[in-house]
Amino acid sequence: MQPLGVAMAVLAKASGYDAHAWRLRPATAFAWSLVLALAISTQFLVQPFVWRNWPLDDIFAGWFRVFAGNLVIALCVAAALVAAGSVRTVGAPLRAAAVASALLIGAVSGETIDRLLDIETPGPLLGAVIRWLVISGALTGLYYMWLRGQLALAQAEALDSERAERDRLASATELTVLQRQIEPHFLFNTLATARGLYRRHPERGADLLAHLSRYMQSSLAGQSAGLVTLASELSLVEAYLGVCEARMGPRLRTQIDVSDDLRALSVPALSVATLAENAIEHGLEPRAGGGRLSISAHARAGGYFDIIVEDDGVGFTATGGKGIGLANTRARLRALYGPAARLSLAQLDQGGVRATLHLPAEVAA
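A short tour of the structure in this document, coming up. (Residues numbered from 1 in each chain as written. Predicted model: local features only at pLDDT ≥ 70, side-chain atom pairs only at ≥ 80, totals over all residues. Heavy atoms only, no water.)

**Re the overall build of the protein**
- When its secondary structure is counted, the protein shows 11 helices and 7 strands.
- For the protein, with 365 residues in total, the buried portion stands at 40%.
- Of all intrachain contacts in the protein linking residues separated by at least 6 positions in sequence, the fraction that spans at least 24 positions is 75%.
- Only carbon and sulfur atoms are counted for the fraction: they give 62% of the accessible area of the protein, which is about 18,900 Å². (Helix = DSSP H or I, 4+ residues; strand = E, 2+ residues; numbered from the N terminus. Buried < 20%, exposed > 50% of the residue type's maximum accessible area, 1.4 Å probe, protein only. Contact = heavy atoms within 4.5 Å. Areas by Shrake-Rupley, 256 points an atom, 1.4 Å probe, with all protein chains shown as cover.)

**Points about the packing of aromatic side chains**
- Here the structure, examined in full by the defined rule, presents 3 aromatic pairs.
- Ring centres of Trp-63 and Phe-67 lie 5.5 Å apart, and the angle between their planes is 10°; this geometry places the pair in the stacked category. With Trp-63 and Phe-67 both in helix 4 (residues 56-85) and 4 residues apart, the pair spans about one turn of that helix. (Phe/Tyr/Trp six-rings, centres within 6.5 Å; stacked < 30°, edge-to-face > 60°.)

**Focus: the pattern of salt bridges**
- All chains considered together, the criterion is met by 4 salt bridges.
- Linking Asp-312 and Arg-287 is a salt bridge whose minimum nitrogen-to-oxygen distance equals 3.6 Å. Here Asp-312, found in the loop between strand 5 (304-311) and helix 11 (324-337), pairs with Arg-287, found in the loop between helix 10 (271-284) and strand 4 (291-300); they are 25 residues apart in sequence, far enough to count as distant.
- Classification of Asp-312 as partly exposed rests on a relative accessible area of 24%.
- As a salt-bridge pair, Asp-306 and Arg-300 come within 2.9 Å of each other at their nearest N and O atoms.
- Residue Arg-300 is classed as partly exposed on the basis of its relative accessible area, which comes to 41%. (Salt bridge = Lys/Arg side-chain N within 4 Å of Asp/Glu carboxyl O.)

**Some points on the environment of Phe-44**
- As for its placement among the helices and strands, Phe-44 is situated in the loop between helix 2 (26-41) and helix 3 (48-53).
- Distance from Phe-44 to Val-66, taken between C-alpha atoms, is 7.6 Å for residues 22 residues apart in sequence.
- Aside from chain neighbours lying at most four places away, what touches Phe-44 is Val-50, Trp-54, Ile-59, Gly-62, Trp-63 and Val-66.

**What to know about the packing of helix 2 against helix 4**
- As a packed pair, helix 2 and helix 4 sit with axes 8 Å apart at the nearest point and diverge in direction by 150°. If you check the angle between helix 2 and helix 4, you find them roughly antiparallel. In this structure, helix 2 meets helix 4 at a crossing whose hand is right-handed. Contact residues: helix 2 offers Pro-26, Ala-29, Phe-30, Ser-33, Leu-34, Ala-37, Leu-38, Ile-40 and Ser-41, while helix 4 offers Trp-63, Val-66, Phe-67, Asn-70, Leu-71, Ala-74, Leu-75, Ala-78, Ala-79 and Val-82.
- Along the lines of polarity and charge, the residues of the contact of helix 2 with helix 4 split into 16 nonpolar, 3 polar and no charged. (Axes fitted to C-alpha atoms, helices over the stretch in contact; angles between N-to-C directions. Parallel < 35°, antiparallel > 145°, perpendicular 65-115°, else oblique. Left-handed = near helix turned anticlockwise from the far one by under 90°. Nonpolar A, V, L, I, M, F, W, Y, C, P; charged D, E, K, R; others polar.)

**Structural notes on the environment of Ala-31**
- Looking at the element boundaries, Ala-31 is found in helix 2.
- Once the C-alpha coordinates of Ala-31 and Ala-78 are considered, the two residues, 47 residues apart in sequence, prove to be 9.3 Å apart.

**Section: the packing of helix 8 (residues 230-248) against helix 10**
- Following both chains from N to C, one finds helix 8 and helix 10 inclined at 25°, their axes separated by 8 Å at the closest point. With respect to their mutual orientation, helix 8 and helix 10 come out roughly parallel. The chirality of how helix 8 crosses helix 10 is right-handed. Contact residues: Leu-230, Glu-233, Leu-234, Leu-236, Val-237, Tyr-240, Leu-241, Cys-244, Arg-247 and Met-248 in helix 8; Ser-271, Val-272, Ala-273, Ala-276, Glu-277, Ile-280 and Leu-284 in helix 10.

Function cannot be read off these values alone, since they describe shape.
Next up, the structure:
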């Protein structure tokens, strides 16, 4: 009886996984009954003395009697398990007891029917019942352990899906927070400049406010977007540069060279604007004679493209390319693209800085 105890312990552990996990479907139970009966009755055909002493017709007739008897018992055990599964039980011990009782009732019933119908040559009833308890109990335990694994796998997949959804929402929240950090930083410097310039030079101040109005319209249009078209981003940059040109006059020279096909690609909102602002604030404005700012875009192999913001200003300052705007831009790239995007900075030999955004070439939705 020790194998039966091991099988019942396994079954108790498996059935404890879920209140309904141990229920056996009728189709599954009866299919396994057929397979089990075939497997057990096959031992009749592997006995050498049968083939030496019996005619071929008697061999297959004897095998069929063995198969029929085993099938009757297996079906009784299966029916008992299906019936036990329909009984509501609470807790692993009661579920294991219900299955054990079903195995015992099924084995005794099957052996009794086998003897009443004289299907197979009967042996000792107790030994036959114990044999069926061990075989069916072990198989039932293995089946429920497999079922436990399937349920655990399904639950793990559900948790992974839930975790992915949480990560998506967290990324969206992070993008919103980062964008809110960039926008005040970007607007504060522009509004402070507009206020000072309007006091000293009203005409240039009026031009600056016109550019600022255009900038505000472009900014508000894509305020809630994580990704925008490069065309939309460049429209915002042009409005910002208009503000800066009105403030700096001939000290600032700008050039934007981006083809129409690249303008349809998506970029993180405010990414190029942040690089342009960084170049002017830390590179060109501190230089006595001002300088030149150029923005260009180029397609790259493998489905990528580069956006280059280059200036000939004073180069890296105390921030060393690690200011809040650049840090937030890098964080947004990680949140949006993972390792597929990057921001690189290089100091030029002739003076100034080249900032390069390396992005996947994805057409904006």
